[in-house]
Amino acid sequence: MSLAALRLHIASVVAGTPSQAPGLPTGLTSLDDVLAGGGIPRGRISEWVAPTGAGKTTLARRLAALTLRAGHGVAWIDARRTLDPAPLAGALSMVWVVRPPDPSRAPWCADLLLRSGAFALVILDGGPVLPRPIAVRLAQLARDADAALLLLGDGTRATDGGSALRLRLTGPAMGQRRHLTLEKGGLHPHPVPLALDHDLPTAHRLCAHPTVPDRRGVARTGRSRATRSRARRVAQPRFPEP
Amino acid sequence: MPDVTPDATTARAPVAAWDASPIVLVHGTRVRAVTAAAARRGVHLGMTLSQARAACDPLTMLPWDDDTLARETARASAAFLAASPQVTPAADAPGLWWIGAHGFEGLGGEGALATLLLALARAWHPRARVAVADTAVAARAATWSTRAATAPLHIAPGNDVPYLAAVPLALLPMDDELRATLGALGLRTAGALAALGAQDVERRWGAEGLAAWRLARGDDPRRATLARPDDPHVIAHDLPAPVLTTEPLLFVVRAALDRLVRALAAEGRAVAAVALTLTCDGDRPRRVTREVRPAAPIARTAPLFERCRALLDAWPLDAPVRAVEVRIARVATAPAEQGDLLAPSWRDPAAAEAALARLRAAFGTTAVVRPVTRDSHAPDRAGAWEAIETVAMPAPVDAWPTRTDPSMPPAPVSDGAPEGASPPSPVARRLLTPPETIAVTADASGTPQEIRWRGDRWRVGRAEGPERLSGAWWQPTPFARDHWRCISTDGGTLLCYRDATGWWLQGWDD
């Protein structure tokens, strides 16, 4: 840390103002380049909105993993209780996943986690659209804790106000690219479309984690494609038809 | 100084009036302390009440009272401070104190100190004893010597080990079972135990045996510490009107904790346990006390208050509360770990612990979890949630993830990244628990063409499958399914399966 940076940091601590720490990098160079601070801003609310299956959870997972690697605490509020633990294990084994019994309790969880000051990143995933008063309150807490609050939503927005950044992901149509649009909070005043060179990596379901052995011995036999497809056509379920 | 349990064979000084009466202190259903008179008539510690009554009649039984004991211990400690600044009541041994005797050369030496202490102690009991030694274990053993009954006993410096060699094992602090075992093996004195080999002792009796062996060799880490006469760390507050909700209580608790913690922090001490006592009205007025014990001593109000709030959240109030008492039940030295001004990533573990306690109090013990993998071929059983029990904050990792690091999810997308810059890895996935039924239109071969779920419709552009999975036949919930991975025309990937009961949506990539 340089002397000037040290002086700035001490001044911010003494003054009780949020630090000028850089943002939390997302791992997307194209996105980080257009964000002030080089990542998701700390002390603010960010929202990522996308339709089902567009990839926002994958992006959030990447952000959480990078944040953990930097030594910061991460809490993930799984309001709808639909996260699959298998792809998260490993790099995210230190993350706190909070699974409230009711999605409406998710903002309360975020309030509690931000208030503790123990986390640099709190992800509120799948909760209801935040009303403005609650969003303002959470923004205040995020500022006090110098933490980033990330809202993940399925609709057109995740909060009625108070967010500093809004990123929209568009699911790729067949044979097309996935797109991101930074609608708010970038270095530029207008929405910034970000084209991606290649699609999100997808994997077969049974290879959900590299440490879990793949037991599909049948798929590895030397049978030809034609043989396999014929076998598939003639295969009958061993259980009664519905 | 020994505890107040008398030794009848050395009775020369006058006996306290209470010690001349057959009295026992009762804890639960057992005798926990006896007077000299009761001991002479065959009552001893650990007896049941009926056994004690059978041995001695009449016998006065009084309840064991921790509060009274603590109050009297504090009073006696304050009196001993007139003799030495190092006064420590021995843990779990009421009536026994360790008192520092170093540095009294200019004040008459250890002899004058011991005489003064004896005079002070005899205000409580006329047969109190004082012994001076290098180690606490030797000093305590010496107080049981008949020579210590009339005057302070000194063990010359450096002679603790020879003195202990002849001391009976009964005078060494250790577990009763271990003592009985050693006695059964013919070991009668501390010297006999000390003569054994350390490895043999550890192999046979573990860490506990090794601790006793060290004491027998005069290796005792216990020392008297600088004492400070404590004010009772208690704030009690009578509410203006009885309340049935916890909100008014929280105001009182927060203010009380703030005052108590601030006073302790100013002395460099921290809180190891807080006791909340509620006085409830109702048909039968009663006081209920519950404790909060953080994992490590805390000298900050906020995390302690969060822990107290979690306790109150989980405390069903079945009667109006008319008074609250906040007491610091245990005080400890403030931990050495401090916040790091120059490390922006430093976060307070106590705050995380308090948040964890509140979440667990609100939603149950399985509300805060972390992901773990399971060895299963079924997609919905390949991972699980494991409850977080203790707080462990992440440490920075200097090395950046390598391409071969299997635990690191890849960069999902990257502008201009060369092909294959990230290793292939799964996307994040959502799972419905339990799976939800869907309407599927399939072609003649059974391949899904269209999916309807929750009022939405997806046209399937590509369907991968079926993968026939079965298993868990040895469990109550066996499964046999044809799994399909359906990529819709608008890009979503749905994970479906078909079993004997129909089509189900298991989850989707996201």
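Below is a short write-up of the structure.

Turning our attention to unusual backbone geometry. Negative phi is the rule for most residues except glycine; trans is the rule for most peptide bonds. Of the consecutive residues Asp-57 of chain B and Pro-58 of chain B, the connecting peptide bond is found in the cis state with omega at 5°. Relative to the helices and strands, Pro-58 of chain B is located in the loop between α2 (49-55) and β3 (60-63). Omega for the peptide link from Thr-433 of chain B to Pro-434 of chain B comes to 0°, which places this bond in the cis form. Its location among the elements puts Pro-434 of chain B in strand β14 (residues 429-437). Even without a glycine there, the phi angle at Arg-81 of chain A is positive, about 60°. Here Arg-81 of chain A shows up in the loop between β2 (74-78) and α4 (85-88). The exposure class assigned to Arg-81 of chain A is partly exposed, which follows from its relative accessible area of 35%.

A few words on helix α10 (residues 247-266) of chain B. Residue and element names in this part refer to chain B. Taking 1.5 Å as the rise per residue, α10 with 20 residues should run 28 Å; its terminal C-alpha atoms sit 29 Å apart, in good agreement. Taken together, the buried positions of α10 are Leu-249, Leu-250, Val-252, Val-253, Ala-256, Leu-257, Leu-260, Val-261 and Leu-264. In an axial view of α10, the angular spread of the buried residues amounts to 160°, which keeps them on one side of the axis. Facing away from the buried side of α10, by more than 90 degrees, are the exposed residues Phe-251, Arg-259, Arg-262 and Ala-266. Buried residues in α10 make contact with β8 (234-243), β9 (269-280), α11 (301-313) and β11 (321-333).

Glancing now at the sheet that holds strand β16 (residues 448-453) of chain B. Residue and element names in this part refer to chain B. An order of β14-β20-β19-β18-β17-β16-β15 is seen for the seven strands of this open sheet, with the pairing classed as antiparallel. Every interior strand has two partners, whereas the edge strands, β14 and β15 (439-442), have only one. Neighbour to neighbour, the strand axes of the sheet diverge by 30° on average, direction disregarded. Pairing of strand β18 (residues 479-488) with strand β19 (residues 493-499) involves six bridges; the strand directions are antiparallel. Each residue of the ladder has a partner; that of Ile-487, found in β19, is Thr-493.

The next thing to look at is the packing of helix α5 (residues 106-116) of chain A against helix α6 (residues 132-145) of chain A. Packed helix pairs are characterised by how far apart their axes lie and by the angle those axes make with each other. All names here are of chain A. Contact geometry for α5 and α6: axes closest at 9 Å, N-to-C directions at 20°. Taken together, the axes of α5 and α6 are roughly parallel relative to one another. Every pair of crossing elements has a handedness; the one defined by α5 and α6 is left-handed. Note on element contacts: α6 touches α5 through Ile-134, Arg-137, Leu-138, Leu-141, Ala-142 and Ala-145, opposite Pro-107, Ala-110, Asp-111, Leu-114 and Arg-115. For the contact of α5 with α6, the per-class residue count stands at eight nonpolar, no polar and three charged.

What counts as what
Residues numbered from 1 in each chain as written. Chains lettered and ligands numbered in written order. Predicted model: local features only at pLDDT ≥ 70, side-chain atom pairs only at ≥ 80, totals over all residues. Heavy atoms only, no water. Helix = DSSP H or I, 4+ residues; strand = E, 2+ residues; numbered from the N terminus. Buried < 20%, exposed > 50% of the residue type's maximum accessible area, 1.4 Å probe, protein only. Expected span 1.5 Å × (residues − 1). Arc of directions from axis to C-beta. Contact = heavy atoms within 4.5 Å. Pairing = 2+ DSSP bridges. Axes fitted to C-alpha atoms, helices over the stretch in contact; angles between N-to-C directions. Parallel < 35°, antiparallel > 145°, perpendicular 65-115°, else oblique. Left-handed = near helix turned anticlockwise from the far one by under 90°. Nonpolar A, V, L, I, M, F, W, Y, C, P; charged D, E, K, R; others polar.

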